[in-house]
Amino acid sequence: MAVLSELGLVDHHCHSVAGGELDRPGFEAYLTEATDPAAAGGSTFDTPLGLAVRRWCAPVLGLPPHADPADYVARRAGLGPAEVNRRLLGAAGATDLLVDTGFRPRGSLSTVELAAAGSVRVHEVVRLETVAEQAAAGASAADFAAGFAARLEQAARVAVAVKSIAAYRTGLDLDPTRPSQAEVTWAAGAWLGRPGWPRLDDPTLTRHLLWTAVDLGLPIQLHTGFGDPDQRLHRSDPALLSDFCAATAGAGTPLLLLHCYPYHRQASYLASVHRHVHVDVGLTLNHVGARATAVLAETMELAPFGKLLYSSDAYGLAELFFLGAVQFRRALGAVLGGWQEAGDITGADADRFATMIGAGTARRLYRLDPPDRPDPP
Amino acid sequence: MAVLSELGLVDHHCHSVAGGELDRPGFEAYLTEATDPAAAGGSTFDTPLGLAVRRWCAPVLGLPPHADPADYVARRAGLGPAEVNRRLLGAAGATDLLVDTGFRPRGSLSTVELAAAGSVRVHEVVRLETVAEQAAAGASAADFAAGFAARLEQAARVAVAVKSIAAYRTGLDLDPTRPSQAEVTWAAGAWLGRPGWPRLDDPTLTRHLLWTAVDLGLPIQLHTGFGDPDQRLHRSDPALLSDFCAATAGAGTPLLLLHCYPYHRQASYLASVHRHVHVDVGLTLNHVGARATAVLAETMELAPFGKLLYSSDAYGLAELFFLGAVQFRRALGAVLGGWQEAGDITGADADRFATMIGAGTARRLYRLDPPDRPDPP
Amino acid sequence: MAVLSELGLVDHHCHSVAGGELDRPGFEAYLTEATDPAAAGGSTFDTPLGLAVRRWCAPVLGLPPHADPADYVARRAGLGPAEVNRRLLGAAGATDLLVDTGFRPRGSLSTVELAAAGSVRVHEVVRLETVAEQAAAGASAADFAAGFAARLEQAARVAVAVKSIAAYRTGLDLDPTRPSQAEVTWAAGAWLGRPGWPRLDDPTLTRHLLWTAVDLGLPIQLHTGFGDPDQRLHRSDPALLSDFCAATAGAGTPLLLLHCYPYHRQASYLASVHRHVHVDVGLTLNHVGARATAVLAETMELAPFGKLLYSSDAYGLAELFFLGAVQFRRALGAVLGGWQEAGDITGADADRFATMIGAGTARRLYRLDPPDRPDPP
């Protein structure tokens, strides 16, 4: 679809990119969600994602498609990180990146550097758990809640969204109700006195973070589905958020379910019945490689077309910004194009939905300026 | 497949159709499972179901495929509800409708009116919760069970099946055992004294309803999988019925798992190992639009071909009766036809299975007269 | 793919084959996971597996594809079990079978007989629960653990792997930690005094069996996903093993998730983040028939190619050894071949991965001799 190949994407959830050189182990470590790259039982190039890197990224770096992994890493080193980042970020064709600044890999670019490297506008997404962990330093149980609220409001002055990793910390099978002030104080006291501090994994506090964000009104991005092995997959099923979705329907604060796989159909369902719930498969399209079309098609079974978004969840490698965009354009084009060929949709509607999914809906939800109007200095 | 395009379907689970005119908001409200049509984040026409309405229904009303939503609704109004219903119900090509009378939208046709509008035979399916709620009026805790049994037996004289919406009321993660009489009396007492009465959502009473139906012997239709946001998706997984299926195997009363998505593979598995368990994806084929073939194909991975049925779960709109039939014929034809092309099945077997799935098995289970023999007056 | 059609497979999980004649009910009983073949609601030939038998096995027995079931069973009887087994096992093209000897159908071949019938090498897989139930005979609570360890070590001298059916006995939602010696003794005492003895279904003992196997170091095969109705499907979801995978990562003993369906994507995820976790869909490819390619493709979305294996889970019928191999070659060829056609992978990589998945990885994990070197006498 022509509209998709030219569309300036809004990548509504990503991280920063490594600024320095990467040797082969360093590069391979970014191609897996495993903490230990040896989990691949060989090279992480021997994965669906690894195949996609060789096919799609090699030509951007001036190599033939399917270049040998050793050649690829060598070519990368030869060009240097600045040029590699410039080429791949540029080829991604995004106009706006929404960057989760809650966890920044060592040696990665600042948001200003990232904007320059990619010639894109960068917007900040604030991670709730990080803000809470910062607020906890030196706080007492009694003033934690006020301190967190103050910090979050301050962060929200520059951020366009907040992000929750409750799926990692407690699982999504949370009590959906808002905790009382007394409960929060009590839980804060227990947490601040714990040896594991400051990692916030208390369910009451996690609920408090979420409800504070609901009150704030900025869109809330929620990690759901697969991720690194620090989580328990079945406790990240977005269907577990059913009650939270129902409880927050009145407030209207947008919820954005990220990644979702292998529960993307569940997420798509929630987006179909709750006005404030949206969905994208983020991380997934990068990792499933040649299967991106199949997975995206499943995600498009129930969700209204106005509730779908695009993100790469890129982290560390400029390749992941580019590949996320490649797979998204390819997969969405294949799904909508296939429907068009079968007579299920008109070209005009296909173009309209593609534009909404790749940029328009994100632009509206996050109140981003139109792409042709430069940001104020 | 020729046999499929001509087959008189038994739509073994549906509701009634609206008898009056519908303006655009009224029409759009029926195109979503959301309580609030604004959940679509725009028009509910911008969904897989909305696309299918424009493609398939528009020509039946004399418009070109993919007609504009405004034109579609205007044309509908121009023809008037009686003509719209006549055309779309007729085009569905069903010989028999099994109508769940437990929840009838305001202004919808009676079963007699529906039969006349569609030139079909209409059979009644009695909703257990509705019967129980009626039996509760004026009952004491001690005589609720007897009153329910009496009402259910009376209803069963004209009904061909019963329906359970336990998925909505308690979730399917129920204790599978039959409650004792004392437990039922105790639970009835608690329920009858509760402010929320008469909505029956007590787990003990839900189990009692199910086991009373098992004793009655009429086929039991069970809502599983997605539906409106009043339910919790993950508690509607039909796999949660594993123990209930095992516990009721001896009785032999047929269980019919409806809708099932996104847990249709789980439902298909249960149908493959339990003699009395059957499956159809009902509601799903309508809502997933162009993806109907993919979803039906997944449902056909484990279930024996003799355990699959067809239903539209149509509700309110004549469009949904017609579209359900279109998607079913199209999807089943694509699955079986694809297998035939690949050499996996003979044409004779494909025809045989299509006939069983679309009509034969339902006819046998519900003891319906053959299609060419008119109902007794 | 040429490499796949000629590859000598390692079938890393199967059972033995019936040695005697089978009449039609006897044959049909093996075509379903149901305890009661009537669960098919007709003939078990009217299932995806039944269609595959008629298509692929009939020609091996000298009948045309899609032969009538009655003709098929008659032809089988005419050839006699020895010839049927010889033909079908031979046509499977496996060099090595890893046979779970924990449950042997009456009248099935011994491992020596199976090796002769199939001209293959047979390796033993020891079932933990069977060893434990044998160790319990005459044991006291205090010496059960030592007796089990001794028996397991002895069994391990000839076995290449152990197998756990915890999914059937307790479900996989187990406490992942190693039980203390006192807990094991206490649980053994309770178990040995129970009426249901010797069926081992105590969670503490199940954990003890698993951790004893982790210490032993032989690869552990785990039943996950669907099976016969003795299990509860949703409690067999391999995602429930997340914590156990994390807890055993340090030990490094290989875990092999078998079958997995309909949770194969969950299993594939675990294989992608845990170094010692591997996955294959075993039983599934046989049962889903013409849908084998679709299911295998889903399984290949996350797992590194070096973490996938092949098994048939064949049981009773020589047909299942053959069909498992046919579906595997066909499905893997279609997935990798499709990717090659679309430019997603080179032919050399596709061949390399196919060889790893069909034989190489199993050979390495189970330390099997290369195929061209005969076993020592």
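Residues numbered from 1 in each chain as written. Chains lettered and ligands numbered in written order. Predicted model: local features only at pLDDT ≥ 70, side-chain atom pairs only at ≥ 80, totals over all residues. Heavy atoms only, no water.

Some points on the sheet that holds strand β2 (residues 94-100) of chain C
Picture the strands of a sheet paired through backbone hydrogen bonds; they go either parallel or antiparallel.
Residues and elements named next belong to chain C.
Part 1 of the argument: If you walk across this open sheet you meet the 7 strands as β1-β2-β3-β4-β5-β6-β7, and the pairing is parallel. At either margin of the open sheet sits one strand with a lone partner, and together these are β1 (9-14) and β7 (277-279). Strand after strand, the sheet turns through a mean of 25° between neighbouring axes, direction not considered.
Part 2 of the argument: Helix α13 (residues 264-273) contacts β6 (255-259) and β7 of the sheet and is inclined by roughly 145° relative to β7. (Pairing = 2+ DSSP bridges. Helix = DSSP H or I, 4+ residues; strand = E, 2+ residues; numbered from the N terminus. Axes fitted to C-alpha atoms, helices over the stretch in contact; angles between N-to-C directions. Contact = heavy atoms within 4.5 Å.)

Comments concerning the interface of chain C and chain A
Part 1 of the argument: Residue-level contacts link 33 residues of chain C with 35 residues of chain A.
Part 2 of the argument: Buried surface at the junction of chain C and chain A, both sides included, amounts to about 2,800 Å², of which 56% is carbon and sulfur.
Part 3 of the argument: When residues of chain C are sorted by the area they lose upon contact with chain A, Tyr269(C), Glu301(C) and Asp344(C) head the list and together hold 22% of the total.
Part 4 of the argument: Summed over the shared surface of chain C and chain A, the number is 8 salt bridges.
Part 5 of the argument: Counting across the interface, chain C meets chain A through 19 residue pairs in polar contact (both at pLDDT 80 or more).
Part 6 of the argument: Taken together, the elements giving at least two residues each to the side of chain C that touches chain A come down to α12 (242-247), α13, α15 (292-299) and α17 (347-365) of chain C.
Part 7 of the argument: Considering each element in turn, the side of chain C that touches chain A owes the most residues, 6 residues, to α13(C). (Buried area = accessible area lost by both parts, 1.4 Å probe. Salt bridge = Lys/Arg side-chain N within 4 Å of Asp/Glu carboxyl O. Polar contact = N/O pair within 3.5 Å; in protein donor to acceptor, adjacent residues only side chain to side chain.)

With respect to the relation of the copies chain A and chain B
Part 1 of the argument: Superposing chain A onto chain B requires a rotation of 120° together with a translation of 0.0 Å along the rotation axis, leaving an RMSD of 0.0 Å. What the rotation and shift describe, once combined, is the action of a three-fold rotation axis. Relative to the rotation axis, the closest C-alpha in chain A is found at Ala294(A), a distance of 5.7 Å.
Part 2 of the argument: Of all interface residues in chain A, a mere 3% are interface residues in chain B too; the two copies therefore contact each other through different surfaces. (Least-squares fit on C-alpha atoms with pLDDT ≥ 70 in both.)

Examining the interface of chain A and chain B
Part 1 of the argument: In this assembly, 33 residues from chain A lie in contact with 35 residues from chain B.
Part 2 of the argument: At the boundary of chain A with chain B, total buried surface from both sides reaches about 2,800 Å², with 56% on carbon and sulfur atoms.
Part 3 of the argument: Asp36(B) is paired through a salt bridge with Arg275(A); the nearest N and O atoms lie 3.0 Å apart.
Part 4 of the argument: The interface formed by chain A and chain B contains 19 residue pairs in polar contact (both at pLDDT 80 or more).
Part 5 of the argument: Secondary structure elements with two or more residues in the side of chain A that touches chain B: α12 (242-247), α13 (264-273), α15 (292-299) and α17 (347-365) of chain A.
Part 6 of the argument: In terms of residue count, α13(A) provides more of the side of chain A that touches chain B than any other element does, 6 residues in total.

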